[in-house]
Amino acid sequence: MTPRETTRVSVPSIPAISISMTSPSSEDLVSLFKSAGLPQSKAAEATKNAKGAAILHLVSAGLSEKQAVLVSSLSLQLGKAQNIGGEERAYIVNAILEEKLKSVDQVNVAVKYFETHTVPVDENDFNATCGVGFAITTAQLEDHIKQYMVANNASNWSHLGANVPALRWANPLDIKNAVERVFTEKFGPKEGAKPKPKKETASAADASVTSKPPVAKARRIIFEEGFLGSLHKPGDNPQIHPRLRERHLAATGGQVYTRFPPEPNGYLHIGHCKAIFVNFGYAAHHGGNCYLRFDDTNPEKEEGRYFDSIIEVIYWLGFEPWKITYSSDYFDELYTLAEDLIRRDKAYVCHCSQEQIKADRGEKVSSPKACLHRTRPVEESLTEFRSMRDGHYRPKEAFLRMKQDLSDGNPQMWDLPAYRVLDAPHHRTGPKWKIYPTYDFTHCLVDSFENISHSLCTTEFIASRQSYEWLCDALEVYKPKQSEYGRLNIQGTINSKRKLLQLVEEKYVSGWDDPRLYTVIALRRRGVPPEAILNFVSSLGVSTAASNIQIVRFEQSVRQYLEGSVPRLLMVLRPLKVTIENLPEDYSLELPLSHFTRTIYIDADDFRLEDSKDYFRLAPGKTVGLFQAPHPITCTSYVKDASTGQVTEVICRLEDRDARKPKAFIQWVAEHAPSGSPVRPDINSKSMEVIRGAMVEIGFWSLARKSMGKALEESRSRIEKMRSPAVTSERLVGKECIRFQAPAAGATQGDYLVLNRIVSLKEDIGKGAS
């Protein structure tokens with residue numbers, strides 16, 4: 001291959017510009033700029049930026065009005081840009097004067113171009129990037145549009161708003177007219193929008209609710225606006241050498257590459273769901289790729305069960321990693337770079353105790369001091385580092401530390417450890433290594449190896465960004481751009497892995513999946529659907545501020561999702577027998593999922609002996625409605641247990657259809673032996689309080705079979721569409737997918753039925769009086 005030809009362009013002798021103390025006054029500059037063709041508002045705005053005003057001052061003579069506007073726009077953009085020198089500014093000005101740059105858009109792109117390029121540049125590359133000399137005929141324009149329609153399967157007028165990348169610099173009006181001509185030729189005249197059909201009101205007895213809340217648009221907006229919408233484009237992150245950027249773009253094709261890098265030393269919790277959503281969602285939105293990378297650099301705390309659980313959670317939430325990798329995949333490369341860092345005299349072996357290291361770092365009360373080993377010769381540090389590798393030191397006897405900047409105010413620049421000795425076999429590499437890299441050494445370099453374009457993490461790593469960039473530049477490798485967003489905290493929950501482990505080990509909870517916890521596997525066991533979690537996370541948005549959310553907001557979000565996606569069944573936790581005296585013994589009225597009979601059960605909390613004005617449920621002489629039943633009932637008497645004084649049975653009368661509408665409706669379950677009603681589960685609610693003897697209507701069994709079958713079918717369909725699934729469809733489906741609306745939901749069945757309450761029903765809040 002022959003080398004690519006480049007054109008060196010001579011730069012006019014416009015010096016790097018600065019405003020001196022003898023510069024003209026603002027009034028004089030406004031007059032000068034107005035004489036150059038700028039209107040009053042543009043002239044006044046141009047004087048506000050010293051760097052830009054200096055350019056205008058030097059080149060204003062002889063400008064046309066259009067050129068003056070472009071130079072004014074350049075002055076404003078230069079005030080916001082970084083790392084653009086005098087030669088680069090002069091190059092852009094020269095392009096304006098020679099009428100190569102003819103629009104404000106072209107000037108803005110030229111400024112962006114020189115944020116990552118320096119003079120001399122490849123003129124052909126500059127011209128192509130900035131649209132210099134771009135010309136296209138009407139016929140060529142229509143050909144581009146037709147090719148784009150074929151490539152993107154445009155089948156109707158709904159594709160009208162698509163952007164055609166090849167026409168970036170074409171006239172927008174010409175594009176609009178050409179698109180409309182091509183679409184009219186292909187699909188005929190565009191029809192007006194049809195009126196939306198009226199929504200049919202669902203029957204109260206219809207328990208097969210399947211619609212889901214419209215959240216796709218809200219999620220899309222998150223990635224297009226705010227914090228995530230303002231992130232850099234791939235390749236725009238600055239590099240110490242231009243060749244590093246070129247290699248990165250060649251490897252990625254300009255696509256977005258992100259990663260979710262959990263430590264496999266515990267189970268994921270609700271806070272991790274935000275990180276999963278941000279990293280996988282951002283890459284998917286931009287048509288890019290997201291790694292699942294295990295940061296497995298501490299073999300003392302890592303266990304195989306954590307790896308398996310994390311993979312399962314990712315797939316359960318609906319995401320598929322582009323690749324599953326491990327930091328340990330790169331141990332050899334990391335070690336080589338560690339020796340390279342020593343040879344560059346930017347790392348040294350330290351033998352200080354941890355107490356001495358803390359004292360040298362100032363212990364947050366004084367300035368840091370240099371370690372006594374910091375000035376040891378490079379060859380000596382290399383020898384000592386190899387001794388660490390070969391097992392000649394025990395843990396805490398030697399460290400490899402980066403030689404950073406002790407005069408910096410950021411503690412993350414105070415000679416952080418890069419390697420330490422650990423006497424533990426690794427789950428993947430076995431006993432090969434006696435030394436393991438630290439997070440601060442590993443993270444940025446593995447990001448570099450994997451060509452991550454957007455290293456997205458939470459704000460506690462803001463201080464680490466400086467050491468992240470320092471290490472990449474010190475080793476002269478590709479430097480990803482780290483951007484930080486606020487983490488998710490749900491108040492009143494425990495997410496610390498250390499504290500969760502203590503709860504589990506000390507038997508305060510039954511395990512990591514105890515329904516009272518907010519680990520993802522606990523939420524799954526409780527019955528919270530993955531879509532409900534993603535809806536909640538996306539509703540919070542993404543910004544640099546931490547999301548400190550009350551539990552009730554999470555529960556409300558889950559409740560809203562369930563109300564629109566799962567059926568409603570009747571259920572009572574503490575059954576109280578009700579006999580309807582004016583119905584025959586064999587009376588049975590078939591309802592969609594159950595029967596209405598002479599003997600039913602209501603919840604004991606829905607009956608009281610003493611009535612009051614603010615109480616609307618059942619009491620002696622009071623009428624109450626029954627959900628889905630044909631008519632209300634009125635209490636006429638009751639039966640008490642002679643020994644305890646507790647009410648054991650309520651006698652009621654079924655009212656006729658002319659009865660006044662009751663103020664309240666309560667849940668009930670019928671006694672109907674032919675259908676096996678009621679179903680009697682054990683309900684786990686209120687932090688594992690076991691309520692025995694509860695009842696749910698017989699429709700539960702058909703719902704359970706339907707829910708399991710549908711979930712398995714959806715899971716198998718998802719697995720078939722994946723490139724290389726790391727889980728089976730059965731692992732993504734459990735009995736927690738059996739969900740319904742009642743005081744409790746989320747079911748398992750063994751010798752007896754157990755139901756977990758996901759969240760309380762909306763009408764159960766403040767139930768006491770009403």
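Our structure's up above, just so we're on the same page.
Calculation notes
Residues numbered from 1 in each chain as written. Predicted model: local features only at pLDDT ≥ 70, side-chain atom pairs only at ≥ 80, totals over all residues. Heavy atoms only, no water. Buried < 20%, exposed > 50% of the residue type's maximum accessible area, 1.4 Å probe, protein only. Helix = DSSP H or I, 4+ residues; strand = E, 2+ residues; numbered from the N terminus. Pairing = 2+ DSSP bridges. Expected span 1.5 Å × (residues − 1). Salt bridge = Lys/Arg side-chain N within 4 Å of Asp/Glu carboxyl O. Polar contact = N/O pair within 3.5 Å; in protein donor to acceptor, adjacent residues only side chain to side chain. Core = buried A, V, L, I, M, F, W, Y, C linked by side-chain atoms within 4.5 Å. Contact = heavy atoms within 4.5 Å. Phe/Tyr/Trp six-rings, centres within 6.5 Å; stacked < 30°, edge-to-face > 60°.

> Mind showing me how you'd approach the pairing of strand β10 (residues 488-491) here?
Side-chain alternation along β10 places Leu488 and Ile490 on a buried face and Asn489 and Gln491 on a face that remains uncovered. The pairing of β10 with strand β11 (residues 547-550) spans 4 bridges and is parallel. Bridging from a neighbouring strand, asparagine 489 pairs with asparagine 548 of β11.

> Help me understand helix α6 (residues 104-115), please; the structure alone is not making it clear to me.
Since the α-helix packs 3.6 residues into each turn, any two residues three or four apart lie on the same face. The terminal C-alpha atoms of α6 lie 17 Å apart, and with 12 residues this matches the ideal 16 Å at 1.5 Å per residue to within 8%. Gln106, Val107, Val109, Ala110, Val111, Tyr113 and Phe114 are the residues of α6 that are buried.

> I keep staring at the pairing of strand β16 (residues 599-603) and nothing clicks. Help me out?
One face of the sheet, then the other: side chains in a regular strand alternate in exactly this way. Judged by how many residues are buried, β16 sits mostly within the fold: 5 of 5 residues are covered. By the alternation rule, side chains of β16 split into Thr599, Tyr601 and Asp603 and Ile600 and Ile602, which are all buried. Where strand β13 (residues 575-580) and β16 come together, 5 bridges link them in antiparallel fashion. Bridge assignment links leucine 576 to a residue of β16, and that residue is isoleucine 602. Direction of pairing for β16 relative to strand β21 (residues 668-670): antiparallel, over a ladder of 3 bridges. The partner of tyrosine 601 across the bridge, within β21, is valine 669.

> So what exactly am I meant to see when it comes to the pattern of salt bridges here?
Pairing between side chains of opposite charge can happen when the charged atoms of each approach one another. Inspection of the entire model under this criterion finds 27 salt bridges. One salt bridge in this structure joins arginine 516 and aspartate 514, with 2.9 Å as the shortest N-O distance. Assessed through its relative accessible area of 33%, arginine 516 is described here as partly exposed. A relative accessible area of 0% places aspartate 514 in the buried class. Linking glutamate 585 and arginine 598 is a salt bridge whose minimum nitrogen-to-oxygen distance equals 3.5 Å. Of this pair, glutamate 585 sits in the loop between β13 and β14 (588-590) while arginine 598 is found in the loop between β15 (595-597) and β16, placing the two residues 13 residues apart along the sequence.

> So what exactly am I meant to see when it comes to the side chain of asparagine 410 here?
Residue placement: asparagine 410 occurs in the loop between β5 (399-402) and β6 (417-421). With a relative accessible area of 13%, asparagine 410 lands in the buried category. Within the structure, asparagine 410 has its side chain in polar contact with the backbone nitrogen of glutamine 412 (distance 2.9 Å). At 3.0 Å, the side chain of asparagine 410 and the side chain of glutamine 466 are in polar contact.

> Could you clarify how one ought to interpret the nonpolar core in this entry?
Note that soluble globular proteins tend to have their nonpolar side chains buried in a common cluster. Grouped together as the largest cluster of nonpolar side chains are 53 residues, with contacts concentrated most on Leu228, Ile270, Ile276 and Phe554. The greatest single-element share of this core, amounting to 9 residues, is contributed by helix α13 (residues 270-285). Leu337, Ala398, Leu471 and Cys472 belong to the second largest nonpolar core, which has 36 residues in total.

> Whenever I open this one, the environment of lysine 403 confuses me. Can you help?
If you trace the backbone, lysine 403 turns up in the loop between β5 and β6. It is 9.6 Å that separates the C-alpha atoms of lysine 403 and threonine 375, two residues lying 28 residues apart in sequence. Setting aside its immediate chain neighbours within four residues, lysine 403 contacts Asp345, Lys346, Ala347, Tyr348, Arg374, Asp415 and Trp470. In terms of polar contacts, lysine 403 uses its side chain to reach the backbone carbonyl oxygen of arginine 374, at 3.0 Å.

> What should I look at first to understand the packing of aromatic side chains in this one?
The description of an aromatic ring pair rests on the distance of the ring centres and on the angle between the ring planes. A complete count under the given rule lists 31 aromatic pairs for this structure. Taking the centre distance of 5.3 Å and the plane angle of 25 degrees together, the rings of phenylalanine 294 and tyrosine 326 count as stacked. A residue pair is termed long-range when its members are at least 10 positions apart, and phenylalanine 294 in strand β2 (residues 289-294) and tyrosine 326 in strand β3 (residues 323-326) qualify at 32 residues. Residues phenylalanine 294 and tyrosine 326 agree in their burial class; the two are buried. Ring centres of phenylalanine 331 and tyrosine 436 lie 5.9 Å apart, and the angle between their planes is 70 degrees; this geometry places the pair in the edge-to-face category. A residue pair is termed long-range when its members are at least 10 positions apart, and phenylalanine 331 in helix α15 (residues 331-343) and tyrosine 436 in strand β7 (residues 435-437) qualify at 105 residues. Classification of phenylalanine 331 by relative accessible area gives buried; the value is 3%. Of the aromatic side chains, those joined through ring pairs into one cluster are Phe331, Tyr335, Phe385, Tyr419, Trp433, Tyr436 and Phe441.

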